[in-house]
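The chain contents come next:
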Amino acid sequence: MIKIIEREHIIYTALLYNYIANKEMVLPAFKVDAFLDEIKNNLQNTNYELSSDEEQNNYLFYCGIRYDDKDKSYSFKSEKELKLKSWLYDTLPNEVVHASLLSSSLEKIGVHKEKLQIKEKYDWQNGHLDIPSTKEDEARSSARSILESKKCHNIILTTSSRTRVDSNEGYRISYVCEEPFERVDTTLPNKTLIKKDC
């Protein structure tokens, strides 16, 4: 089942990344639109998609975001709003955050990943892997190796069932594990990051 991600949450994410990396509160609309398009592309073949263009800007104000029609730009209403609305980012699914942190996405808004305050966390995930193999124990061993190469912890291989993998015999191995994911630390300092004119 496809889950819809509100575009305003992604606009907030673009502004948040720009604020942390570049110390700026404003992004031109063309950069935000390119970021949205890139994330939409990155989410293909997942269970997530962005809400449609027609629904855009329905609740930007609620998200603490202002759109300037004259300058064609997005900005936070205030630094206080930025901090108060950090839950918009914190509640995004891991796959969506991953799509937003790819270099192809970040370059659209002029953000370098190394300037973001990224923390690695772990989350319990379940899923399955289709492994081409005629032997169940070899398929299970391969599945474990794949998960270990992804730096997963506490791997539990549950069921195995015969299947076809690219017209070859294989096994579908189900698993549960703690999978690593990256998140930007949204705990912002109390002191202002933005230089103000005297």
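Residues numbered from 1 in each chain as written. Predicted model: local features only at pLDDT ≥ 70, side-chain atom pairs only at ≥ 80, totals over all residues. Heavy atoms only, no water.

**With respect to unusual backbone geometry**
One non-glycine residue with positive phi stands out, namely Lys72, at about 55 degrees. Residue placement: Lys72 occurs in the loop between β4 (65-68) and β5 (73-76). (Helix = DSSP H or I, 4+ residues; strand = E, 2+ residues; numbered from the N terminus.)

**A few points about the nonpolar core**
Judged by nonpolar contacts, the single largest core of 39 residues is most densely connected at Ile10, Tyr17, Tyr89 and Leu116. Elements represented by at least two residues in this core include exactly α1 (7-22), α2 (29-42), β3 (48-50), β5, α4 (87-90) and α5 (94-101). Examining the composition of this core, we find that 10 residues originate from one element, α1, more than from any other. (Core = buried A, V, L, I, M, F, W, Y, C linked by side-chain atoms within 4.5 Å. Buried < 20%, exposed > 50% of the residue type's maximum accessible area, 1.4 Å probe, protein only.)

**A few points about the sheet that holds β5**
If you walk across this open sheet you meet the three strands as β2-β5-β4, and the pairing is antiparallel. Only two strands of the sheet have a single partner each, and these edge strands are β2 (26-28) and β4. On average, adjacent strands in this sheet sit at an angle of 20 degrees to one another, irrespective of strand direction. Relative to β5, β2 runs antiparallel, the two being bridged by three bridges. Following the sheet pairing, Pro28 is matched in β5 by Ser73. On top of the sheet, α1 reaches β2, β4 and β5; it is set at about 75 degrees to β5, its chief contact. Across the sheet, α2 touches β2, β4 and β5, and the angle it forms with β2 is around 80 degrees. (Pairing = 2+ DSSP bridges. Axes fitted to C-alpha atoms, helices over the stretch in contact; angles between N-to-C directions. Contact = heavy atoms within 4.5 Å.)

**Things to note about the packing of α1 against α5**
Closest axis-to-axis distance for the α1/α5 pair is 11 Å, and the angle between their directions is 50 degrees. For the element pair α1 / α5, the angle class is oblique. Considering only the axes of α1 and α5, their crossing is right-handed. Contacts between α1 and α5 involve Ile10, Thr13 and Tyr17 from the first element and Val96, Val97, Ser100 and Leu101 from the second. For the contact of α1 with α5, the residue count by class is five nonpolar, two polar and no charged. (Parallel < 35°, antiparallel > 145°, perpendicular 65-115°, else oblique. Left-handed = near helix turned anticlockwise from the far one by under 90°. Nonpolar A, V, L, I, M, F, W, Y, C, P; charged D, E, K, R; others polar.)

**Points about the sheet that holds strand β6 (residues 118-132)**
Read across the sheet, three strands follow the order β6-β8-β7 without closing on themselves; strand pairing throughout is antiparallel. A single partner strand is all that each edge strand has here, and the edge strands are β6 and β7 (153-165). For this sheet the average axis-to-axis angle between neighbouring strands, irrespective of direction, equals 20 degrees. Pairing geometry for β7 and strand β8 (residues 168-184), over nine bridges, is antiparallel. Its bridge partner lying in β8, Ile156 is registered against Val176. Its contacts with the sheet put α5 on β6 and β8, and the angle it makes with β8 is roughly 70 degrees. Where helix α7 (residues 136-149) meets the sheet, its contacts fall on β6, β7 and β8, and the angle it forms with β7 comes to roughly 130 degrees.

**Quick look at the environment of Glu148**
Within the fold, Glu148 resides in helix α7. The class of Glu148 is partly exposed, set by a relative accessible area of 46%.

**Considering the pattern of salt bridges**
Considering all chains together, one arrives at five salt bridges under this definition. For Asp69, the salt bridge is made with Lys72, and the minimal N-O distance between the two is 3.0 Å. Note on Lys72: relative accessible area 44%, which makes it partly exposed. Across the salt bridge formed by Lys113 and Glu182, the nearest N and O atoms sit 2.8 Å from each other. Separated by 69 residues along the polypeptide, Lys113 in the loop between α6 (103-106) and β6 and Glu182 in strand β8 bring together distant segments of the chain. (Salt bridge = Lys/Arg side-chain N within 4 Å of Asp/Glu carboxyl O.)

**Overview of the pairing of β4**
With four bridges joining them, β4 and β5 adopt antiparallel strand pairing. Across the sheet, Arg66 pairs through a bridge with Ser75, a residue of β5. Two successive antiparallel strands, β4 and β5, enclose a turn made up of four residues, where Lys72 displays a positive phi of approximately 55 degrees.

Such coordinate-based values are descriptive only and should not be taken to indicate function.
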